[in-house]
Each structure stands twice: as structure tokens, then as C-alpha cells.
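What the coordinates show
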Amino acid sequence: MKKLIYILSMLLIFTSCEDVIDVDVPEGEPRLVVDASFEFYLDETPVDVEGGIKLTLSAPFFDETLPTVSNATVFVTNLSDNSIVNFEETAEPGLYLPENGIIIIPDFATQYELTVIYENETYKATTELFPTVPIDNIEQGDGTLFDGDETEIIISFTDDGARDDFYLFDFDFNLLEVSEDRFYQGEAFNFSYFYEDMVAGRDITIKILGIDKQYFNYASLLIEQSDQDGGGPFQTPPALLRGNVINTTNPDNYALGYFNLSEANRFEFTIQE
């Protein structure tokens with residue numbers, strides 16, 4: 001009994017003493033962050049294009065905003081014919097779009113090279129347009145997970161059996177997931193997605209984007225680190241993840257981020273109350 005009283009007394013001492021501890025988080029030199037992602041809706045007339053090139057600098061972990069990058073030279077080169085599309089900064093700092101609003105629809109199986117010149121250093125990334133498939137159907141289910149108040153939607157699509165596919169799903173509200181067709185090659189497939197927050201009565205847009213294996217791995221890690229808290233996964237993550245952007249002038253001063261071109265399809269849906 002005395003031993004029990006002694007233990008309880010020690011617990012009271014430990015729990016009643018609360019000191020504020022300042023954590024000194026190491027800060028490295030700012031690095032260029034390149035978010036260059038484009039979605040091409042080839043099944044729509046006219047073809048719609050979404051995306052742009054956002055240039056920022058990395059910042060300490062607890063900073064809520066990222067410094068934007070202006071006065072950079074940005075262009076994309078079609079490596080099959082060396083034609084170039086120049087980009088210019090818009091009224092939104094750090095956001096670069098094609099000059100004069102010129103939109104070039106890329107060809108499949110063709111390499112495209114992004115070049116960013118910033119502070120006398122040249123950064124490059126190469127990719128191609130990756131195909132996707134349409135969303136066959138979306139319906140609302142009545143399943144739940146843990147809390148019992150989640151909203152289930154069921155997405156159906158048919159994989160193309162002629163190739164190995166990797167997909168990025170955008171469920172609106174900055175909610176993303178990735179999938180690969182290893183277990184449903186060439187088959188009709190459906191899966192459930194659960195919204196944790198109240199979305200009853202909301203109009204949502206579900207997208208399916210074609211990506212490659214490298215971007216699949218990159219996006220998987222970013223989504224895991226972002227914890228899908230609504231802040232958007234494609235911001236500076238807790239750990240520095242290298243993408244496909246290479247500093248050809250000074251490799252040690254590497255950049256963060258990714259250059260990606262995706263064929264995309266979308267499906268409009270209203271969540272019933």
C-alpha cells in the first residue's frame with residue numbers, strides 16, 4: 001500500500017510540472033521548389049488544359065507561407081523538333097503561364113523538357129504525356145469507416161490492358177490518392193472513397209490522371225506526409241523529397257518538385273443529403 005501511495009505521489013509531481021520546451025529546428029539554405037503539373041482533357045471539345053508552373057523557395061518547417069520566385073526564365077522544349085513554348089510570370093507572384101495564352105497540346109510518346117533559369121543556375125526536367133482512361137461511373141454508397149458519419153462514393157473505371165498504368169485520383173478539396181493496375185490489369189474495377197467531413201449537398205469533381213511509375217512513387221510519399229489535412233499535398237513536405245528536376249549548373253544545389261504532364265478525365269457528381 002505504501003508503495004502504491006509513493007507511485008501515485010511521483011505521478012502527481014511529474015504531471016504537475018509543465019515546462020515550455022523550445023525546439024530548435026535546423027534550417028538549410030532555401031532551395032528552388034518547382035510545381036509544374038498540367039492536366040489535358042483530350043476528350044473534351046475544345047480540349048481543356050489546367051495547370052501551370054509555380055516557383056517558390058523552400059522555407060523552415062513551421063513557416064506558413066513559402067517565398068515566391070520572380071524574374072525566372074521558364075520555357076518548355078519539344079525534344080522531337082526543338083520547338084519552344086515560353087512562359088511568363090502572371091499577376092500572381094511565382095505563377096508562370098504560356099506567353100500570349102498559347103496552349104500546346106503535347107503528343108504521346110514524345111519527350112518534353114522544362115527549363116528554369118534562376119539566379120544564374122539552370123534547372124531541367126524531362127517528361128512525356130501519360131495516358132489515362134475515362135471514369136465509367138460514380139455513385140454514392142452507404143458504407144462507413146470508423147466514426148460512422150463518413151460519406152462513401154464508389155468510383156468505377158476500366159483499365160487499359162495494353163499497357164501498365166499508374167493513376168492519380170483527385171477527389172476535390174485537395175484530396176488525392178494514387179493507384180496502379182498491377183492487380184486489375186485490363187479489367188473493370190471499382191473502389192470506395194470516404195469523405196470524413198460533411199459534404200452533403202456539395203457538387204464535387206472527381207478526376208483520374210495518367211502518371212508514370214516515378215511520379216506514382218513521388219506522389220505516394222507526398223500524400224503520406226501531407227496527411228490530407230486540406231492544406232494540399234504539393235507543398236514543401238516535412239522531409240525533402242527529390243523529384244525529377246535537376247540543377248545542371250550546380251547539382252549540389254538541387255531543386256525540389258516535379259514536372260508532370262497528364263491526360264485527365266473528370267466526372268461531376270453531387271453528394272446527396
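A brief report on the enclosed structure follows. (Residues numbered from 1 in each chain as written. Predicted model: local features only at pLDDT ≥ 70, side-chain atom pairs only at ≥ 80, totals over all residues. Heavy atoms only, no water.)

1. Here's the deal with the overall build of the chain
Rules: Secondary structure counts use DSSP, requiring at least four H or I residues in a row for a helix and at least two E residues in a row for a strand, with both numbered from the N terminus. Think of it in three bands: with a 1.4 Å probe and only protein chains considered, a residue is buried below 20% of the maximum accessible area for its type, exposed above 50%, and partly exposed in between. Any two residues having at least one pair of non-hydrogen atoms within 4.5 Å are treated as being in contact. In these tables, accessible area is a Shrake-Rupley quantity obtained with a 1.4 Å probe, and a residue counts as shielded only by the protein chains included in the view.
Counting its regular elements, the chain contains 2 helices and 16 strands. Looking at the chain as a whole, 41% of its 273 residues are labelled buried. Expressed as a percentage of contacts within the chain between residues at least 6 apart in sequence, the contacts between residues at least 24 apart total 63%. For the chain, the accessible area works out to roughly 15900 Å², and carbon and sulfur atoms hold 51% of it.

2. Some thoughts on a negative patch on the surface
To be explicit about the condition: Only residues above 30% relative accessible area that lack a salt bridge enter a patch, with like-charged residues linked at up to 9 Å and the nonpolar side chains Val, Leu, Ile, Met, Phe, Trp and Tyr linked at up to 5 Å. For this document, the term salt bridge refers to a Lys or Arg side-chain nitrogen within 4 Å of an Asp or Glu carboxyl oxygen. Under the counting rule used here, the positive set is Lys and Arg, the negative set is Asp and Glu, and His together with the chain ends is not counted. Just so you know, the charge point we use is NZ for Lys, CZ for Arg, CG for Asp and CD for Glu.
The grouping of Asp 147, Asp 149, Glu 196 and Asp 197 at the surface amounts to a negative patch. As for its placement among the helices and strands, Glu 196 is situated in the loop between strand E13 (188-195) and strand E14 (203-211). Looking at Glu 196, the relative accessible area reads 62%, which means it is exposed.

3. Thoughts on the pattern of salt bridges
Applying the stated criterion to the full structure yields 10 salt bridges. Lys 207 is the partner of Glu 50 in a salt bridge, and the nearest nitrogen-oxygen pair spans 2.8 Å. Taken together, the residues span a long stretch of sequence, with Glu 50 in strand E2 (residues 48-57) and Lys 207 in strand E14 at a distance of 157 residues. On the basis of relative accessibility, which here comes to 27%, the residue Glu 50 falls in the partly exposed class.

4. Considerations on the sheet that holds strand E9 (residues 135-140)
The cut-off we apply is this: The pairing criterion is simple: DSSP has to find at least two bridges between the two strands. Axes here refer to lines fitted to C-alpha atoms; in helices the fit is confined to the stretch in contact. Angles between the N-to-C directions go from 0 to 180 degrees.
Spatial strand order, E9-E10-E13: 3 strands in an open sheet with antiparallel pairing. Either end of the sheet is taken by a strand with one partner, and the two such strands are E9 and E13. The sheet shows a mean angle of 20 degrees between the axes of neighbouring strands, direction not considered. Where strand E10 (residues 151-158) meets E13, 8 bridges bridge the pair, whose relative direction is antiparallel. By the bridge assignment for E13, Glu 152 is matched with Phe 194.

5. With respect to helix H2 (residues 213-226)
We count it as follows: In this scheme, a helix's expected span is set at 1.5 Å multiplied by one less than its residue total. Picture the helix axis, draw a direction to every C-beta atom, and the arc is the one those directions span.
Taking 1.5 Å as the rise per residue, H2 with 14 residues should run 20 Å; its terminal C-alpha atoms sit 20 Å apart, in good agreement. The complete set of buried residues in H2 reads Tyr 215, Phe 216, Tyr 218, Ala 219, Leu 222, Ile 223 and Ser 226. The buried residues of H2 occupy an angular sector of 165 degrees when projected down its axis, which confines them to one face. Across H2 from its buried face, at more than 90 degrees, point the exposed residues Lys 213 and Glu 224.

6. Concerning unusual backbone geometry
Cis geometry is found at the peptide bond from Thr 45 to Pro 46, where omega equals -5 degrees. Inspection of the secondary structure puts Pro 46 in the loop between strand E1 (32-41) and E2. Although it is not a glycine, Asn 71 adopts a positive phi angle of roughly 60 degrees. Residue position: Asn 71 is located in the loop between E2 and strand E3 (73-78).

7. Notes on the environment of Tyr 254
Topologically, Tyr 254 is positioned in the loop between strand E15 (246-247) and strand E16 (256-270). Along the chain, Tyr 254 and Gly 243 lie 11 residues apart, while their C-alpha atoms are 9.7 Å from each other.

Everything listed here is a matter of geometry and, on its own, says nothing about what the molecule does.
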